[in-house]
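Understanding the architecture of this molecule
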Amino acid sequence: MKNILITGGAGFIGSMLCTELVKNKKFNVIVLDILNYDKNSLNHLMGYDNFFFHNINILNKKKLLPFIKKADLIIPLAALVGAPLCEKNKKLAIQTNEKIINFTVKNLKKKQRIIYPTTNSGYGIGAKDKYCDENSPLNPVSLYGVTKNKAEKLISAHPNSICFRLATVFGYSFRMRTDLLVNNLVKESLEKKKLTLFEPHFRRNFVHISDVVRAIMFAIKNFNSLKNGKVYNLGLSTANYTKLQLAKKINKYIPIKILVDTKRKDPDKRDYFVSNDKIEKKGFKCYKSLDEGIIELKKIYKINGYEKIKNNY
Ligand SMILES: NC(=O)c1ccc[n+]([C@@H]2O[C@H](COP(=O)([O-])OP(=O)(O)OC[C@H]3O[C@@H](n4cnc5c(N)ncnc54)[C@H](O)[C@@H]3O)[C@@H](O)[C@H]2O)c1
C-alpha cells in the first residue's frame, strides 16, 4: 500500500481530499496538521486503519523529516493561505509557504512523487480579452502569490512533480472557508439581502472543491502521463466570470440588490481569464457548475446558520 503524506490535511482542501483517499482504501494517508482552524474536520476518518493523524508543526524540520522519508507521495497543503493572512504574518508566511517547501524538495529522493496545488493568482492582471495559459507571464500581486510561485518553481524542479494552478475554489468543506469569493458572496447575500461590489468588472476563473479533489485523484492515477507537463491550470472552463456576472448568478437563487461602490478599490488586483486546455487535453475536465455550487451553499448556510460557519482567520 502506498504512503501518502498530506501536510495541512485538516484544512479546506485537505479534509475533503483525505476523505476521498482514505475511503478509496488503496493508500495509507498520513496527515500532519496543527489544527489552526477546525479541530473536527477529520473526526470522521479516525476509525479507518489506513488513516494516521499527527498534530505536528511542519516548521519543526526534525519532526517533519522522518515523515518525508517514508512517503511515496507528498501533497503539501499546509500553508498560510490568502493575501490578507500572509500580509498579517509575513515571516511565518515565507517560512511555511516557501522555506519548508524548499526543505521538503531537498530531502526527496528522485522516485518520490509530489503533487502541489498553487494559485493561478500569479497571473495577476491579465491582458485584456486574452486567456492566460501556463506560459503567460507570472506577475503575483501579493506576498501570498509570491511565496506560492516560488514554491511552485522549487517543486517543478523535482523530476516527479505535478503542480496545479487552482482557480478560486468554491463549495463546502469539513473545514469551511467563507473568505473565498463565491462562498463569501453567497453568505453575504443570505445575511444582508444585498451585495455591494467594488471593481465589479474584475474577472476570475472558478472551480468547485469536488473538482479539485477529482483532479488530484486523477493525477495520482495518471502520474506518469501528467508529470512531463509539470504545471497545469485547474478551473472550470465555463466559469470565467466577472464579479458582476457572479452576483447576477447568485441573484437567480437568492433575491438581492446589487450595488456598486465606485470609490472602493479591491486590494486583490486579480483580473484575468484562464484557459484550462492543457489539463483537458490530458483527459481531465472540471464539471461542477457555479449554479450547483450556489444552490449547495445556500442550503448549507440556511441549515447551519451563518454564524456557526466561520473562517476563524
Ligand atoms: N482554497 C483555495 O482556493 C486554494 C486555491 C489555490 C491554492 N490553494 C492551496 O491549497 C493549499 C490548502 O489550502 P486550503 O484552502 O485548504 O487552506 P486551509 O487554511 O484551510 O488549510 C491549511 C492547513 O494547514 C495547516 N497548517 C498551517 N500551518 C501549519 C504548520 N506550520 N504545520 C502544520 N499544519 C499547518 C492549518 O492548520 C490548516 O489546516 C494551500 O497550499 C493553498 O495555497 C488553495
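Residues numbered from 1 in each chain as written. Predicted model: local features only at pLDDT ≥ 70, side-chain atom pairs only at ≥ 80, totals over all residues. Heavy atoms only, no water.

1. Observations concerning the domain arrangement of the protein
The domain architecture assigned to the protein consists of domain 1 (2–170 + 206–234) and domain 2 (181–204 + 238–274 + 288–304). Relative to domain 2, the C-alpha centre of domain 1 lies at a distance of 26 Å. Counting from both sides, the interface comprises 22 residues of domain 1 and, opposite them, 20 residues of domain 2. Between domain 1 and domain 2, the buried area comes to about 1,800 Å², and carbon and sulfur atoms account for 60% of it. It is Tyr131, Phe170 and Phe206 in domain 1 that bury the most area against domain 2; as a group they hold 38% of the surface buried on that side. Joining domain 1 to domain 2, the criterion identifies zero salt bridges. Where domain 1 packs against domain 2, one counts five residue pairs in polar contact (both at pLDDT 80 or more). Contributing elements (two or more residues each) for the side of domain 1 that touches domain 2: strand E6 (131–132), strand E8 (168–170), strand E10 (203–208) and helix H7 (209–221). (Domains from an automatic or database assignment. Contact = heavy atoms within 4.5 Å. Buried area = accessible area lost by both parts, 1.4 Å probe. Salt bridge = Lys/Arg side-chain N within 4 Å of Asp/Glu carboxyl O. Polar contact = N/O pair within 3.5 Å; in protein donor to acceptor, adjacent residues only side chain to side chain. Helix = DSSP H or I, 4+ residues; strand = E, 2+ residues; numbered from the N terminus.)

2. Some details on the pattern of salt bridges
Overall, the coordinates contain eight salt bridges when judged by the stated rule. Two residues, Glu152 and Arg165, come together in a salt bridge whose shortest N-O distance is 2.7 Å. Placement of Glu152 in helix H5 (residues 143–156) and of Arg165 in strand E7 (residues 161–166) is noted, with a sequence separation of 13 residues between them. Each member of the pair, Glu152 together with Arg165, is buried. Here Glu191 ties to Lys187 by a salt bridge, and the two come within 3.8 Å at their closest N and O atoms. Placement of both Glu191 and Lys187 in helix H6 (residues 181–192) is noted, with a separation of four residues, approximately one turn of the helix. Bridged by salt links that share partners, the residues Lys249, Lys252 and Asp291 form one connected network. (Buried < 20%, exposed > 50% of the residue type's maximum accessible area, 1.4 Å probe, protein only.)

3. As for the sheet that holds strand E2 (residues 27–32)
Adjacent strands of a sheet form backbone hydrogen bonds with each other and so pair up, either parallel or antiparallel. Pairing is parallel in the open sheet, where seven strands are placed in the order E3-E2-E1-E4-E5-E7-E11. At either end of the open sheet lies a strand with only one pairing partner, and these are strand E3 (51–54) and strand E11 (231–234). In this sheet, neighbouring strand axes are inclined to one another by 20° on average, regardless of whether the strands run parallel or antiparallel. Where E2 lies against E3, four bridges are found, and the strand directions are parallel. Bridge assignment links Leu32 to a residue of E3, and that residue is His54. Running at roughly 155° to strand E5 (residues 113–119), H5 makes contact with strand E4 (73–76), E5, E7 and E11 of the sheet. (Pairing = 2+ DSSP bridges. Axes fitted to C-alpha atoms, helices over the stretch in contact; angles between N-to-C directions.)

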